[in-house]
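Now for the letters of each chain:
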Amino acid sequence: MMRIPSTELDDTIARAFERADMPTPAAAAAARVHVESSADGVASHDLGRVAAFVSMQRAGTIRSDAAPRRVRASGGLEVCDGRLGAGVVNALHATDRTADPPPRTGSAW
């Protein structure tokens, strides 16, 4: 069995995503999720999916340059359009948005 440090895998996969025109921060985030998913045994987003992910980027199924944008907000809820961006990147964006200070709506965790 060959062991490769996860940081080396992160860098290699991020470079593959960057070569398919994904911006560096998004490529690094997507690569990290693929490496962690593989370590955790999550086949839907593991290292075996990297080639398909790059193919979808090149085919335009995933827009490498897309950034999610807010469509509307109401109280403590927000709806974003992922604009065909990578689901992993969009999910991380949504997660980060939940950590932002909530509006003054009377709702809290």
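Here, every reference points to the structure presented above.
Residues numbered from 1 in each chain as written. Predicted model: local features only at pLDDT ≥ 70, side-chain atom pairs only at ≥ 80, totals over all residues. Heavy atoms only, no water.

Peer 1: Help me out: how do you make sense of the environment of I13 in this one?
Peer 2: Within the secondary structure layout, I13 lies in helix α1 (residues 6-19). Put simply, I13 and M2 are eleven residues apart on the chain and 17 Å apart in space, counted from C-alpha to C-alpha. (Helix = DSSP H or I, 4+ residues; strand = E, 2+ residues; numbered from the N terminus.)

Peer 1: Honestly, unusual backbone geometry in this entry has me stumped. Any pointers?
Peer 2: Excluding glycine, most residues fall at negative phi; most peptide bonds, likewise, are trans. Despite not being glycine, D21 has its phi angle at roughly 75°, a positive value. On the accessibility criterion, D21 (60% relative accessible area) is exposed. Phi at R83 is positive, roughly 55°, even though this residue is not glycine. For R83, the location among the structural elements is in the loop between β2 (77-81) and α4 (87-99). (Buried < 20%, exposed > 50% of the residue type's maximum accessible area, 1.4 Å probe, protein only.)

Peer 1: Teacher, can you tell me more about the packing of α1 against helix α3 (residues 50-59) here?
Peer 2: Axes are the key here: two packed helices are described by the angle between their axes and the distance separating the axes. The N-to-C vectors of α1 and α3 enclose an angle of 20°; their axes lie 9 Å apart at closest approach. One finds that α1 runs roughly parallel with respect to α3. Relative to α3, the crossing made by α1 is right-handed. Between α1, through I13, A16, F17 and R19, and α3, the contact on the second element is made entirely by V50, F53, V54, Q57 and R58. (Axes fitted to C-alpha atoms, helices over the stretch in contact; angles between N-to-C directions. Parallel < 35°, antiparallel > 145°, perpendicular 65-115°, else oblique. Left-handed = near helix turned anticlockwise from the far one by under 90°. Contact = heavy atoms within 4.5 Å.)

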